[in-house]
Each structure stands twice: as structure tokens, then as C-alpha cells.
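# Topology and contacts: notes
Next come the chains, spelled out residue by residue.
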Amino acid sequence: MADLRNNFVGIKSPNPFWLASAPPTDKAYNVERAFKAGWGGVVWKTLGEEGPPVVNVNGPRYGAIWGADRRLLGLNNIELITDRDLFTNLREMKQVKMNWPDRALIASIMVPCVEDAWKAILPLVEETNADGIELNFGCPHGMSERGMGSAVGQVPEYIEMVVRWCKQYTRMPVITKLTPNITDIRKPARAAKAGGTDAVSLINTINSIVSVDLDNFAPNPTIGGKGSHGGYCGPAVKPIALNMVAEIARDHETNGLPISGIGGITTWRDAAEFLALGAGNVQVCTAAMTYGFKIVQEMISGLSDWMDEKGHRNLDDIIGRAVPNVSDWQYLNLNYIAKAKIDQDACIKCGRCYIACEDTSHQAITNMVDGIRHFEVIDEECVGCNLCVSVCPVENCITMEALPAGALDKRTGKTVDPNYANWTTHPNNPMARQAAE
């Protein structure tokens, strides 16, 4: 059986599945139940400084995006950090860690961007025996207007400064949580590394308005006729998160920096994809809020079964395996040629492939042959874009098949060149022409 034990910057847990800092980790009652269900660790809901807690709205806090089957694709969240007293949280954290010494317990922290504020809270967190801290530089609403959260995470200089303070004033491993609300995720990651962070976690929520109530013309969720931007999360953000994780994993300045992957993880397969792109473990929130804590059991069994099937002994066999295969567009092989092929036995003759190709792509699929409804790829027109595969409702009915070297590409009338070639040397590239001249 595959070994799922996780060692992330010295923080050990029985599996790589942690609950992210969010409503599910706001109190001991939740965290204890999560550990009983099988979660390997939790990041406690973000703590604020000593004094009056923040005040959350007393009404709707979530907006939602659903698929056609009412399956939840994304949540917009306007809730703030914990609204419970700091010392109540600290007492509960200490007790939970005492009860569950084999599980990872991380304290998420957000205080003003002032050295004394960080210096004051870090010893209090240490007393709980937490395994590490996560610096919340990602929250895009409510707290950012107060100069915290993403207001810090969008300024690399601030990130580096605060990380340095934390490394100076605590013995605990420091994980820096990054905001996706930035043009180039590599810059804050580099800043965190320069400050001495032990790891980064990403992505936090994406600044968003998910919908508008067309009866009262206010964003959802609506509070007394008004709405606000909030943080978007859930399955819909996974592609953005995967890309940002990969950007950090393959950047020459941050390659090797431990990453805790977050963003839309719902299944074991999602988790495996994050691990393959360089994440050392994963954090989950929306899936637990949608399906409950026991969803981790499916994640654990699914990941373990897949690893056994593929011969992967432990997590190190997976982590980062896909990173060398992530490339910039200009280095993709322009001599690779593929064509779509429709399995006529599996085809249900719905016509989606034809409509998509005819109206919006390359007019490379028939809809009638000899007066009979029939869908077949026209190789002379097919550019191999795979739009038809994406819209087909029958899995594996349409596949992409690479042409072997020396085969004739009927669209161009040329044989497939076996040699690798990319845009950097292509004759149509003006930069390549200039270099040749």
C-alpha cells in the first residue's frame, strides 16, 4: 500500500490533506471532528491581534455559481477572519494539539503591517504548540481595506519585510499565503523566499462579484440592498491555482521552495495534479463545505489506490513530476501533428462536434454522408485543435491521434517532420529572421 505520510517543512501529518484556513476550522468542535474524519492537518481560521474581534455581517456571506445540474462550481465569500476572541482561539488550539499530537495544526495570522503587532502575537501562538504559522497575505475583501490581507500580498517589499519579522521572532516554520490578485505570482513568491519563508501556500481567494440580483440590482450576496466584492473559491478556480503553483515550481528563483497547494481541490485526482506540479501537500475548503468532512476519506483512498496502480511508493514519487513538462508556448513542438477521430460505435449523433467545428472552428466535420446523418472528421481541414473532444458529451468518443513521422498531413500536403522545431527558429518569426541575418 502506498505511503501517504507527509513531511512538509518538518511538519508531519499522516496524509497530505489539510483543511484550509476558513469557516470549517474556526473552532475546536470543527477541528476535532475533522481529525476524527481523517484529515491530516488543519490551518486554523485566521487569528487577529488582541483586542475587540472583527465584526462579520449578520446575513448572507456567500454567493454561488452552479453548473447545469446545480452542482456547486464556485463560492464568493465575504466573511472576514475569526470573530472569536484571540485567547479563546489560542486555548482551543492548545487543547486540540494536545489531543491530536500526530496531526498538523497551523495558525493562520493576520495583524497590521507593523513590527510590534507581529512581535506581540507570535509568542502567544507558540504557547499553543502549533506546528507552524501561515501568514495570510491573501484575503481580498474587508481586511484588505484595513491595510492587511491582499493589501500586503500585492506589495513584494511588504511581504519580504513581514516574513523577516516572523522569522526573527518565532521558532515555528513560516508559510506565506499568497494572493492570486496580482499580475505575476512569481514576484511575491520571490519576495517571501528572500525574507526567509519556509514555504508558500496558494492560491487564496480571487477578488470577484459572482452575480447581480436583477430584482434589486445589487451584487450577491446582498445585505440590506447592497453587496460587495468578495473572495472566489471552489472547483472553478482550480485551473488558475494550478498555473500559479507551476509558475513558482519552475521559476529559476523559487524552484525548490516548498508549496502548499490550494484552490478547487475536490477529488483525489485534483490533489494528485497539484502534487505533480510541485505542491508538497494540499489544502481543501470548499469541498468540505459542500460535502462535509468525510470527503477526505474518498480523497485518501482514491490517491492511495491510484498510487498503488501506478507503482508510486510514496508522495515523493509524485511531487514535481509534471514540472519539467510545463513549457512556454514558444518551445512547443510545431512539427507535432494530430487529427481528431470519431468512434462511430460510440457516437450518439447529437451533432455537437459538427456545430462547434462548423460555426466556430475549422469546418472539419461532416453532418451528412450520402444523405444520412453522419459525423466524421475531414482530415484535409482538421488542424487538431480538439474543440470537438471538449464539447462531445460521450467520453472517449472523439480522440486525438498523432500522425507518425513520415505520414502525410492531408491539410498541408506535407509529410510529418520527425525533428523538433519551435517558434524561436520558425521562419515566420521576425526575431528568428533578425538573428539569422
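Sequence order as written defines the numbering, with residues in each chain counted from 1. Selection of residues for local features in this predicted model requires a pLDDT of at least 70, selection of side-chain atom pairs for listing and counting requires 80 or more, and totals for whole chains, interfaces and linings are taken over all residues. Hydrogens and waters are ignored; side-chain quantities use all the structure's heavy atoms.

In the annotation of an unreviewed UniProt entry, the entry for the protein reads dihydrouracil dehydrogenase (NAD(+)), and the organism field reads Rhizobium mayense. UniProt positions are given in the numbering used here, feature names are shortened, and annotations may be inferred rather than shown by experiment. Recorded in UniProt for the protein, the comment headed Sequence similarities (unreviewed entry) runs: "Belongs to the dihydropyrimidine dehydrogenase family." In its Subunit (unreviewed entry) section, the UniProt record describing the protein reads: "Heterotetramer of 2 PreA and 2 PreT subunits."

## A look at the overall build of the protein
The numbering of helices and of strands both runs from the N terminus, where a helix is a DSSP run of H or I of at least 4 residues and a strand a run of E of at least 2. A tally of regular secondary structure across the protein gives 13 helices and 22 strands. Along the first, second and third principal axes, the C-alpha set of the protein runs to 80 × 55 × 50 Å. Relative accessible area decides the class of each residue, using a 1.4 Å probe on protein chains only: under 20% of the type maximum gives buried, over 50% gives exposed, and in between gives partly exposed. When each of the 437 residues of the protein is scored for burial, the buried share is 49%. In this analysis, two residues are considered to be in contact whenever any of their non-hydrogen atoms come within 4.5 Å of each other. Partitioning the intrachain contacts of the protein with sequence separation of at least 6 by distance along the chain shows that 70% fall at a separation of at least 24. For the protein, the exposed surface amounts to about 21,100 Å²; the carbon and sulfur share of it is 51%. One way to put it: in the protein the 41 positive side-chain charges average out to a point 3 Å from where the 50 negative ones average out. Areas reported as accessible are Shrake-Rupley estimates using a 1.4 Å probe. Residue values count occlusion only from the protein chains shown. Lys and Arg are tallied as positive, Asp and Glu as negative. Neither His nor the chain termini are counted. Every charge is mapped onto a representative atom, which is NZ of Lys, CZ of Arg, CG of Asp or CD of Glu.

## What to know about the nonpolar core
Among buried residues, the Ala, Val, Leu, Ile, Met, Phe, Trp, Tyr and Cys ones that are joined through side-chain atoms within 4.5 Å form a nonpolar core. Within the largest apolar cluster, 81 residues are counted, with the highest numbers of intra-cluster contacts made by Trp39, Trp118, Val125, Ile133, Leu135, Leu202 and Leu303. Here this core gets seven residues from one element, more than from any other, and that element is helix 7 (residues 238-250). Other than its neighbours up to four places away in sequence, Trp118 contacts Ile109, Met110, Val111, Pro112, Cys113, Leu135, Phe137, Val162, Trp165 and Cys166. Formed by 14 residues, the second largest nonpolar core is a distinct cluster that contains Ile342, Ile365, Phe375 and Cys397.

## Focus on the pairing of strand 8 (residues 132-136)
Counting buried residues along strand 8, five of its five residues qualify, which places the element largely inside the surrounding structure. Burial along strand 8 is two-sided: Gly132, Glu134 and Asn136 facing one way and Ile133 and Leu135 facing the other are all buried. In the sheet, strand 7 (residues 104-109) pairs with strand 8 via four bridges, with the strands oriented parallel. Residue Ile109 lies in a different strand from strand 8, and its bridge partner there is Leu135. Orienting the strands away from the viewer, one traces the path from the first strand over the helix to the second; a clockwise path indicates a right-handed crossover. Assessed by its sense of winding, the connection that carries the chain from strand 7 through helix 3 (residues 115-126) to strand 8 is right-handed. Any two strands with at least two DSSP-identified bridges between them are counted as paired. As paired elements, strand 8 and strand 9 (residues 174-177) share four bridges and run parallel to each other. Residue pairing in the sheet places Leu135 in a bridge with Thr176 of strand 9.

## Comments concerning the sheet that holds strand 15 (residues 259-262)
With respect to topology, eight strands assemble into a closed barrel ordered 3-4-7-8-9-10-15-16, the strand pairing being parallel. Strand-to-strand twist in this sheet, taken as the mean axis angle between neighbours without regard to direction, amounts to 25 degrees. Contacts from helix 8 (residues 268-276) reach strand 3 (17-19), strand 15 and strand 16 (281-284) within the one sheet, and its direction differs from that of strand 16 by about 135 degrees. The angle between two axes is taken between their N-to-C directions and runs from 0 to 180 degrees, where each axis is a line fitted to C-alpha atoms and a helix contributes only its stretch in contact.

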